Amino acid sequence: MIGIVEDYKELKSHLGILIDKSGYKNAYIAEKAGIPAPNFSQKKKRGNWSVEEIEKVLKVIENQELEDIFLIEILKDRDKGDTLTFEQFLKEMGWN
């Protein structure tokens, strides 16, 4: 269940990027989601979306390309740690 919460946090923190990459104008998304434009801009900047607002925005912008972009953003964030070569991995696991 912790994974679900972590996924939600990732989505919430990357929503602004997804909005930018969606190709829709902020005013259009705000109108369709029922969020006043000034509030929408502030939420996009600060990332302080409610669950309901995230759902409304995603209903407007969601598509397969954005899902791919989201996964790439998550992978970029997770790729900041130390990495091993395949040979190092084999040695660590005692398989070499």
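Preceding block: the structure.
Presented here is an overview of the structure given in this document.

So, on to the nonpolar core. Ranked by size, the top nonpolar core spans 19 residues in total, and within it Ile19, Phe40, Trp49, Val57 and Ile61 carry the most contacts. Mapped onto this core, the elements with two or more residues apiece are helix 1 (2-22), helix 2 (26-33), helix 4 (51-61) and helix 5 (64-78). With five residues, helix 4 is the single largest residue contributor to this core. In this view, Phe40 contacts Ile19, Asn26, Ile29, Ala30, Ile35, Trp49 and Val57; residues no more than four positions away in its chain are not counted.

Once that is clear, we can look at the side chain of Glu73. Mapped onto the secondary structure, Glu73 falls in helix 5. Owing to a relative accessible area of 13%, Glu73 belongs among the buried residues under this scheme. When neighbours within four sequence positions are excluded, Glu73 is seen to be in contact with His14 and Ile17.

With respect to the secondary-structure elements, Ile19 resides in helix 1. Look at Ile19 and you get buried, because its relative accessible area is 0%. Spatially, the C-alpha atom of Ile19 lies 9.7 Å from that of Val60, the residues being 41 residues apart in sequence. Look past the residues within four positions of Ile19 in its chain and what remains in contact with it is Tyr24, Asn26, Ile29, Phe40, Lys44, Trp49, Val57 and Ile61.

Before going further, it helps to spend a moment on helix 1. The end-to-end C-alpha separation of helix 1 is 28 Å, in line with the 30 Å expected for 21 residues at 1.5 Å each. Residue His14 marks the point of greatest curvature in helix 1, where the axis turns by about 50°. Those residues of helix 1 that fall on the buried side of the exposure criterion are Glu10, Leu11, His14, Leu15, Gly16, Leu18, Ile19 and Ser22. For helix 1, the elements touching its buried residues are helix 2, helix 3 (37-46), helix 4 and helix 5. Of the residues one or two after helix 1, Gly23 is the one with positive phi, at around 90°.

Cut-offs applied
Throughout, residues of each chain are indexed from 1 in the direction in which the sequence is written. Local features are withheld for residues below a pLDDT of 70 in this predicted model, meaning they are given only at 70 or higher, and side-chain atom pairs are given and counted only at 80 or more; totals for whole chains, interfaces and linings count all residues. Side-chain metrics rest on all non-hydrogen atoms present in the structure, leaving aside hydrogens and water. In plain words, nonpolar cores are sets of buried Ala, Val, Leu, Ile, Met, Phe, Trp, Tyr and Cys residues tied together by side-chain atoms within 4.5 Å. Burial classes: relative accessible area under 20% of the type maximum marks a residue as buried, over 50% as exposed, and values in between as partly exposed (1.4 Å probe, protein chains only). Labels follow the DSSP assignment, with helices taken as runs of H or I lasting at least four residues and strands as runs of E lasting at least two, numbered in each case from the N terminus. Whether two residues are in contact is decided by their heavy atoms: any pair within 4.5 Å suffices. Given a helix with a known number of residues, its expected span is that number minus one, times 1.5 Å. One axis is fitted to the seven residues ending at the residue and one to the seven starting there. The bend at that residue is the angle between these axes.

Everything listed here is a matter of coordinates, which is why it stays silent on function.
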